[in-house]
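# Working through the structure, step by step
Here are the chains, one letter per residue:
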Amino acid sequence: MSNDALLEKLVLRTDDEDYETPLPITLMVGGVIITGTILPRDEWLRQHMSLLSEKSSLTEFAKEFAADMLRHEPETSHIHLAWARIVTGGPHVPIDEYGLLRVPLSEVNAWTIGDLNSIG
């Protein structure tokens, strides 16, 4: 769990809301700045299941992965992002094609609402 009650409330609220209005956020995690959009946990999980299921050999694993995650994890233990990028002195570095990232709340050192855009 995080020591930041406001961030925990924000994650809980995002998980309770519909995925209609993406919320941009910037996090500092271990000295690395990451910017992206908060996803509800269930939407993040659905997108990962979809990616895993694209490989027919991983379809069953995707179902087990989702069931285990939902069964064994407190709702506010992580913040889930889409379109996540690492902010550097130059162009932002995408996490992967979809920018899906899961960060333990306990590892977030600082945060702000908003997406850091490249300057210049």
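One can find the structure itself at the top, above this paragraph.
Okay, so let's go over this structure.

So, how was this worked out
Residues numbered from 1 in each chain as written. Predicted model: local features only at pLDDT ≥ 70, side-chain atom pairs only at ≥ 80, totals over all residues. Heavy atoms only, no water. Helix = DSSP H or I, 4+ residues; strand = E, 2+ residues; numbered from the N terminus. Buried < 20%, exposed > 50% of the residue type's maximum accessible area, 1.4 Å probe, protein only. Salt bridge = Lys/Arg side-chain N within 4 Å of Asp/Glu carboxyl O. Pairing = 2+ DSSP bridges. Expected span 1.5 Å × (residues − 1). Arc of directions from axis to C-beta. Contact = heavy atoms within 4.5 Å. Polar contact = N/O pair within 3.5 Å; in protein donor to acceptor, adjacent residues only side chain to side chain. Core = buried A, V, L, I, M, F, W, Y, C linked by side-chain atoms within 4.5 Å.

A few words now on the overall build of the protein. Each helix and strand in the protein was counted, giving three helices and six strands. Counting from the amino terminus, the protein carries its helices and strands in the arrangement α-β-β-α-α-β-β-β-β. Split into buried and exposed, the 120 residues of the protein put 38% on the buried side.

Turning our attention to unusual backbone geometry. Of note, Trp 83 is a non-glycine position whose phi angle comes to about 55 degrees, a positive value. For Trp 83, the location among the structural elements is in strand E3 (residues 78-87).

This model, assessed by the stated rule, comprises three salt bridges. Asp 42 is the salt-bridge partner of Arg 41, the closest N and O atoms lying 3.9 Å from each other.

Bringing the pairing of strand E5 (residues 101-104) into the picture now. Residues of E5 alternate between two faces, with Leu 101 and Val 103 buried on one and Arg 102 and Pro 104 left unburied on the opposite face. Sheet topology note: the E3/E5 ladder contains four bridges and is antiparallel. Bridging across to E5, Leu 81 finds its partner in Leu 101.

To continue, consider helix H1 (residues 5-16). Here H1 contains 12 residues, and its C-alpha end-to-end distance of 16 Å stays within 8% of the 16 Å for a straight helix at 1.5 Å per residue. For H1, the complete set of buried residues consists of Leu 7, Glu 8, Leu 10, Val 11, Thr 14 and Asp 15. Buried residues of H1, viewed axially, fall in a sector of 160 degrees; they line one side. Opposite the packed face of H1, turned more than 90 degrees from it, sit the exposed residues Leu 6, Lys 9, Arg 13 and Asp 16. Buried residues belonging to H1 abut strand E1 (23-29), strand E2 (32-39), helix H2 (41-53), E3 and strand E6 (108-113). The opening residue of H1, the one whose side-chain oxygen lies 3.0 Å from the backbone nitrogen of Leu 6, is Asp 4.

Below, the discussion takes up the side chain of Ser 77. Tracing the backbone through its elements, the reader meets Ser 77 in the loop between helix H3 (59-72) and E3. Look at Ser 77 and you get buried, because its relative accessible area is 13%. One polar contact links Ser 77 to His 78, side chain to side chain, over a distance of 2.8 Å. Setting aside chain neighbours within four positions, we find Ser 77 in contact with Val 103, Pro 104 and Leu 105.

For H2, which comprises 13 residues, the first-to-last C-alpha distance of 18 Å matches the rise-based estimate of 18 Å (1.5 Å per residue) to within 8%. Buried within H2 are the following residues: Arg 41, Glu 43, Trp 44, Leu 45, Gln 47 and Leu 52.

What follows deals with the nonpolar core. Membership of the largest hydrophobic core comes to 15 residues, with the highest contact counts inside it found for Leu 7, Ile 25, Leu 27, Ile 79, Leu 81 and Val 103. Elements supplying a minimum of two residues to this core: H1, E1, E2, E3 and E5. Beyond its immediate stretch of four places on either side in the chain, Leu 81 contacts Ile 25, Leu 27, Ile 34, Thr 37, Ile 38, Leu 39, Trp 44, Gly 99, Leu 100 and Leu 101. With six residues, the next largest nonpolar core counts Leu 39, Leu 45, Ala 66 and Leu 100 among its residues.

Keep in mind these numbers describe shape, not what the thing actually does.
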